[in-house]
Amino acid sequence: MIARLAFPSPVGPLSIAAKDGAIVALDWGGADTAPKGADDALLRRARDQVLEYLAGRRTEFDLPLALASTPHQQAVWNALRKIPYGATRTYGELAAAVGSAPRAVGLACGRNPVPLIVPCHRVVGADGALVGYSGGDGESTKRWLLDLEARVSAR
């Protein structure tokens, strides 16, 4: 059974889902389904870490993840997790790192089930343009997240 916890955040309402002791999704919006058992503590911990990140008090996440994916998506998501807080990479740079094409990297980013936790917002176009973001209000949310990380990194 998947348990969900919905909560307000600076980037809009979010919902975190857990199953069998691991986070499986983070979505904008979503309804609260009462968590039960061990997932209750995990969902509260995940919510707290997301809110700490959005407040500029956390730069990385420490959560168990169980992300259903293809091997290519897994490779892209692992590469995303290696992008340092406050930094960006282009779709082309990620494609070269995983032996893929920029468009395929973009598709994998768009299918990321846990944005913020796996930081797909740190990927930009070849010219630095904020192209594509599936979370929140799209590119304006991506800009907000990158600005947050730039402010925190500058401290």
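That block above? That's the structure.
Residues numbered from 1 in each chain as written. Predicted model: local features only at pLDDT ≥ 70, side-chain atom pairs only at ≥ 80, totals over all residues. Heavy atoms only, no water.

1. Observations regarding the overall build of the protein
Part 1 of the argument: Of the regular secondary structure elements, the protein holds five helices and five strands.
Part 2 of the argument: Shown N-terminal to C-terminal, the secondary structure of the protein runs as helices and strands in the order β-β-β-α-α-β-α-α-β-α.
Part 3 of the argument: Against the 2.2 N^0.38 benchmark of 15 Å for 155 residues, the protein shows a C-alpha radius of gyration of 15 Å, consistent with a compact globule.
Part 4 of the argument: Counting only C-alpha atoms and orienting by the principal axes, one finds that the protein spans roughly 45 × 35 × 25 Å.
Part 5 of the argument: The long-range share in the protein, meaning contacts at least 24 apart out of those at least 6 apart in sequence, stands at 57%.
Part 6 of the argument: Roughly 7,500 Å² of accessible area belongs to the protein as shown, and the carbon and sulfur atoms make up 52% of that amount.
Part 7 of the argument: In the protein, 18 positive and 15 negative side-chain charges are present, and the distance between their average locations comes to 2 Å. (Helix = DSSP H or I, 4+ residues; strand = E, 2+ residues; numbered from the N terminus. Rg over C-alpha atoms; globule rule 2.2 N^0.38 Å. Contact = heavy atoms within 4.5 Å. Areas by Shrake-Rupley, 256 points an atom, 1.4 Å probe, with all protein chains shown as cover. Lys, Arg positive; Asp, Glu negative; His and termini not counted. Charge placed at Lys NZ, Arg CZ, Asp CG, Glu CD.)

2. Brief notes about the pairing of strand E3 (residues 22-28)
Part 1 of the argument: Across six bridges, the pairing between strand E2 (residues 14-19) and E3 is antiparallel. The partner of leucine 14 across the bridge, within E3, is tryptophan 28.
Part 2 of the argument: Between E2 and E3, which pair antiparallel and follow one another directly, the connecting turn spans two residues, one of which, aspartate 20, has a positive phi of 55°. (Pairing = 2+ DSSP bridges.)

3. Notes on helix H2 (residues 71-81)
Part 1 of the argument: Residues of H2 that are buried include every one of Gln73, Val76, Trp77, Ala79 and Leu80, and no others. Along H2, the residues classed as buried sweep out an arc of 160° about the axis, all on the same side.
Part 2 of the argument: In this structure, the buried side of H2 is in contact with helix H3 (91-98), helix H4 (102-110) and strand E5 (123-124). (Buried < 20%, exposed > 50% of the residue type's maximum accessible area, 1.4 Å probe, protein only. Arc of directions from axis to C-beta.)

4. Concerning the environment of methionine 1
Part 1 of the argument: Structurally, methionine 1 is set in the segment before strand E1 (3-7).
Part 2 of the argument: Among the residues examined, methionine 1 registers a relative accessible area of 62% and is labelled exposed.
Part 3 of the argument: Considering only alpha carbons, one finds methionine 1 and serine 15, 14 residues apart in sequence, at a separation of 16 Å.

5. Things to note about unusual backbone geometry
Part 1 of the argument: Of note in the backbone geometry, aspartate 20 takes a positive phi value of approximately 55° without being a glycine.
Part 2 of the argument: Tracing the backbone shows aspartate 20 in the loop between E2 and E3.
Part 3 of the argument: Accessibility expressed as a relative area gives 68% for aspartate 20, which makes it exposed.
Part 4 of the argument: Phi is positive for leucine 116, close to 80°, though the residue is something other than glycine.
Part 5 of the argument: By the element assignment, leucine 116 lies in the loop between H4 and E5.

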